[in-house]
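This is what each chain is made of:
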Amino acid sequence: MANRSSTPKGRAQRDRALAAAFEVFAREGERGTSLRAIARESGVSLTGLMHHFASKDELLTEVLRSTDERAALRWDALAGDADPGEFMAQAMAANVADPARARLYVHLAAAALDPGHPAHAYFRERFGRFRAAVRGHLEARQADGAVDAGLDADFTAAAFLALVEGAQLQWLNDPSVDVPQLVRRGWRALLGPVS
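Every chain begins its residue count from 1, and numbering advances along the sequence as written. In keeping with the model being predicted, local features are shown solely for residues with a pLDDT of at least 70 and side-chain atom pairs are shown and tallied solely at 80 or more, while totals for entire chains, interfaces and linings include all residues. The side-chain numbers reported here are obtained from all heavy atoms of the structure, hydrogens and water having been left aside.

Quick look at the environment of Arg-14
- Helix and strand definitions follow DSSP, with helices as H or I runs of at least four residues and strands as E runs of at least two, each counted in order from the N terminus. Topologically, Arg-14 is positioned in helix H1 (residues 8-32).
- Considered as a pair, Arg-14 and Gly-48 are 34 residues apart in the sequence and their alpha carbons are 9.0 Å apart.
- In terms of polar contacts, Arg-14 uses its side chain to reach the side chain of Glu-62, at 3.2 Å. N or O atoms within 3.5 Å of each other form a polar contact, as long as, within protein, one can give a hydrogen and the other can take it, and as long as residues adjacent in sequence are counted only when both atoms are side-chain atoms.

This is the structure in structure tokens:
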């Protein structure tokens, strides 16, 4: 039997469920989000929903994964010309405009500390891809002389990830934090003085 997600109808159901899951989470928060509520909102039966997603946590993880896929396409479209500091500052500005996405992300990041959680592997992969993309950018800029050749690209990539994650968490606790500006300035500080 074919996987229903591979059929046009299955993909449409899955896409509706992902959109509905985000809407329910944005409106109701984690505690008010259930598979039943998502099924109701999406127009997909609970049985149909459970065919695509084994649990609420798996479904919410897939919401984040689809967001990351769109961000990766935007990054790739810049064809190496993207500045990670500005790219992430703009991403944080989008989160400020839509705080539900940031709340979902932080909720799942905390839950994913449990190795058995559906988001555990997602976050390990996500963090690895983030560090690799930033490291690749830095190494390319080092090769063309735009960034100091002595800069530790691995450390800088990991520190930038920590900066972005921490800035977002601070902002969720205190909305007066200018997270896009903090990310921009932090990135410049990590790069050190311009040669």
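Text resumes after the structure shown.
Quick look at the side chain of Arg-126
- Along the polypeptide, Arg-126 turns up in helix H7 (residues 119-143).
- Any pair of residues with heavy atoms lying within 4.5 Å of one another is described as a contacting pair. Sequence-distant contacts of Arg-126, that is, excluding residues within four places in its chain, are made with Asp-68, Tyr-105 and Glu-165.

Points about H7
- In a regular helix each residue adds 1.5 Å, so 25 residues correspond to 36 Å; H7 covers 36 Å between its end C-alpha atoms and thus fits that length.
- A simple rule labels every residue: compare its accessible area, found with a 1.4 Å probe on the protein chains alone, to the largest value its type can have, and call it buried under 20%, exposed over 50%, or partly exposed in between. All of the buried residues along H7 are Ala-119, Tyr-122, Phe-123, Arg-126, Phe-130, Val-134, His-137, Leu-138 and Gln-142.
- In the stretch just after H7, Gly-145 is the one whose phi turns positive, near 85 degrees. Each residue after the first adds 1.5 Å to the expected span of a helix.

Examining the packing of aromatic side chains
- For Phe, Tyr and Trp, rings pair up if their centres lie within 6.5 Å, where Trp contributes its six-membered ring, and each pair is then called stacked (planes under 30 degrees apart), edge-to-face (over 60) or tilted (otherwise). Scanning all chains against the criterion turns up 5 aromatic pairs.
- Centre to centre, the rings of Tyr-122 and Phe-123 are 4.8 Å apart; their planes meet at 80 degrees, and the pair counts as edge-to-face.
- For Phe-123, a relative accessible area of 4% gives the class buried.
- Geometrically, the ring pair formed by Phe-160 and Trp-187 is tilted, given 4.6 Å between the ring centres and 55 degrees between the ring planes. Here the residue Phe-160 occupies a position in helix H8 (residues 153-173), and Trp-187 occupies one in helix H9 (residues 179-191), the gap between them amounting to 27 residues. For the pair Phe-160 and Trp-187, a shared accessibility class is recorded, and that class is buried.
- Through pairs of rings, three or more aromatic residues link up here, namely Tyr-105, Tyr-122, Phe-123 and Phe-127.
- A cation sits over an aromatic face here: Arg-101 above Phe-22, 4.9 Å from the ring centre. Over a ring means this: the NZ of a Lys or the CZ of an Arg is within 6 Å of the ring centre and within 35 degrees of the ring normal.

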